[in-house]
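As a plain string of letters, each chain reads:
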Amino acid sequence: MKFDERKPAMNSSKECKQFTIDQLKVKVFRNRLELGQAAASDAAAKMRELLAKQSQLRIIFAAAPSQNEFLDALCKAEGIDWTRVVAFHMDDYLGLPDNDARRFSSYLKEHIFTRVPLGEVLFLLSPNSPLTQKVPAAEVISESHDECERYSRLLKTASIDLVFMGIGENGHIAFNDPPVAKFDDPELVKLVELEERCRIQQVHDGCFETLSAVPTHALTLTIPALFSARYLYCMVPGPTKRDAVARTIHEAISTQCPASILRQHHHACLYVDFDSAGNGAN
C-alpha cells in the first residue's frame, strides 16, 4: 500500500495522518519541526508516566541531524525529573579525537546531555585510532572489543525503557548497515565497518565535508540491544530518507532494510514528515 491509499486518522491539529503497519504505528506531519515537537510531546508524556511508577529511566539516544528538532523540544518539556534518567548513546566512530565535534558523544552533549540535569550519562568510548581494511591494527581491534564488552555490561545491569532513534538512508538503525545487521545478533555492542552509502549520508548531513573524511569503522549497539527497549520512538524527517521510509514500511522484513524490523516491536512509533513520506502524504 501507499500512503494515499490509507484513510488518515486526524488526532491533532498538526498530525496529518496516522496508520499502523504490522505492529508499527506511523504518524505523518507537514514538516520536520512539527514532527519533532509532536514526537517530543509523546516521548515526554511516556517519560512522565513511567517515572510515576518507577525510580529510574534508562534511555538510549541517537545522534544525528534528524534528531535536532525532537531533542530541542524534549529538553523544553515540562514535568520530567531528569535526575532519575540514565542516558546511553547508541553508536560512535573510530578514529576521531575525544573532543572532536563530529563524535556522536559531542553531538549529544551539545543537544541534550548538557541541557538537562541527567542523573547519569554512560558514554560509549570508541578508540581514537582509525581502523583500515588495508592495515588492521590489532591493538585497535582489541581496544574496541574491550569497550564493547564494557558497554554491554552496562546495558545488562537493568532493562532499557526507551530508545530515541532515526533511520539511515540505507535503512540502518544505529550503525547496523545491511551487510552487518543481524536481527538475532548474539552481541549487544560490536565493531562494524560502515557501508559506503552510510558514509555518504554523513556528507549529505553536513557532518563531514568529503567521503574520505568519514571514518570507515564504528562501534554500535546491535539490533537486539535496541529492540530490547520497552518503547521505541523513531524520528525520520527529510527528503533524503524517503526511500528508507518506503522500504521500512512496504518491503518484506529483512536485514536488506534493517529498519523494517521495527514493524515487529510491540511499542514502536515512526514519525515522518511530508518530505520523508513522499507525495502520497500530502
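Conventions adopted
Residues numbered from 1 in each chain as written. Predicted model: local features only at pLDDT ≥ 70, side-chain atom pairs only at ≥ 80, totals over all residues. Heavy atoms only, no water. Pairing = 2+ DSSP bridges. Helix = DSSP H or I, 4+ residues; strand = E, 2+ residues; numbered from the N terminus. Axes fitted to C-alpha atoms, helices over the stretch in contact; angles between N-to-C directions. Contact = heavy atoms within 4.5 Å. Buried < 20%, exposed > 50% of the residue type's maximum accessible area, 1.4 Å probe, protein only. Parallel < 35°, antiparallel > 145°, perpendicular 65-115°, else oblique. Nonpolar A, V, L, I, M, F, W, Y, C, P; charged D, E, K, R; others polar. Salt bridge = Lys/Arg side-chain N within 4 Å of Asp/Glu carboxyl O. pLDDT = per-residue confidence, 0-100.

**A look at the sheet that holds strand 8 (residues 189–193)**
The pairing of strands in a sheet happens through backbone hydrogen bonds and is either parallel or antiparallel.
Working step 1: Read across the sheet, three strands follow the order 5-9-8 without closing on themselves; strand pairing throughout is antiparallel. Two strands bound the open sheet, and with one partner strand each, they are strand 5 (91–93) and strand 8. Across the sheet, the mean angle from the axis of one strand to that of its neighbour is 20°, orientation sign disregarded.
Working step 2: Lying over the sheet, helix 4 (residues 138–156) contacts strand 8 and strand 9 (217–221), oriented at roughly 140° with respect to strand 8.

**Considering unusual backbone geometry**
Working step 1: Despite not being glycine, aspartate 22 shows a phi value in the positive range, around 55°.
Working step 2: You can see aspartate 22 is positioned in the loop between strand 1 (15–21) and strand 2 (24–29).
Working step 3: Looking at aspartate 22, the relative accessible area reads 48%, which means it is partly exposed.
Working step 4: Within the chain, alanine 174 stands out as a residue other than glycine whose phi angle is a positive 55°.
Working step 5: Its place among the elements puts alanine 174 in the loop between strand 7 (162–165) and strand 8.
Working step 6: A relative accessible area of 7% places alanine 174 in the buried class.

**Some details on the packing of helix 2 (residues 68–76) against helix 3 (residues 104–113)**
Working step 1: Where helix 2 meets helix 3, the closest approach of the two axes is 9 Å, and the angle between their N-to-C directions is 40°. In this view, helix 2 runs oblique relative to helix 3, as classed from their interaxial angle. In contact with Asn68, Leu71, Leu74 and Cys75 of helix 2, helix 3 contributes Tyr107, Leu108, His111 and Ile112.
Working step 2: Residue classes in the contact of helix 2 with helix 3 are distributed as six nonpolar, two polar and no charged.

**Considering the pattern of salt bridges**
Working step 1: In this structure the tally under the stated criterion is 17 salt bridges.
Working step 2: For arginine 30, the salt bridge is made with glutamate 34, and the minimal N-O distance between the two is 2.8 Å.
Working step 3: Among the residues examined, glutamate 34 registers a relative accessible area of 11% and is labelled buried.
Working step 4: The partner of arginine 103 in a salt bridge is aspartate 92, with the nearest N and O atoms 3.8 Å apart. Of the two residues, arginine 103 sits in the loop between strand 5 and helix 3 while aspartate 92 sits in strand 5, which places them eleven residues apart along the sequence.
Working step 5: When salt bridges with common partners are traced through the structure, they connect Lys46, Glu49 and Lys53 into a single cluster.

**Comments concerning the pairing of strand 9**
Regular strands place their side chains on alternate faces of the sheet.
Working step 1: Counting buried residues along strand 9, five of its five residues qualify, which places the element largely inside the surrounding structure.
Working step 2: Here strand 5 runs beside strand 9; their pairing, made up of three bridges, is antiparallel. Bridging from a neighbouring strand, aspartate 91 pairs with threonine 220 of strand 9.
Working step 3: Two strands pair when backbone bridges link them, and strand 8 and strand 9 are joined in this way by five bridges, in the antiparallel orientation. Its bridge partner being in strand 9, valine 192 is matched across the sheet by alanine 218.

**Focus on the sheet that holds strand 7**
Working step 1: With mixed pairing, the eight strands of this open sheet are ordered in space as 1-2-11-10-7-3-4-6. Each having just a single partner strand, strand 1 and strand 6 (120–122) make up the two edges of the open sheet. Recorded for the sheet is a direction-independent mean angle of 20° between the axes of neighbouring strands.
Working step 2: Inspection of the sheet shows strand 2 paired to strand 11 (residues 268–273) by five bridges, in the parallel sense. For valine 26, the partnering residue across the bridge sits in strand 11 and is leucine 270.
Working step 3: Packing against the sheet, helix 1 (residues 32–51) makes contact with strand 2, strand 3 (57–61), strand 4 (85–89), strand 7, strand 10 (231–236) and strand 11, and its axis sits at approximately 170° to strand 10.

**Details of the confidence of the model for the protein**
Working step 1: Confidence in the prediction of the protein, expressed as mean pLDDT, is 91, and 92% of residues score 70 or more.
Working step 2: Note that pLDDT drops below 50 for residues 1–13; the model gives that stretch 28 contacts with residues more than four away or on any other chain.

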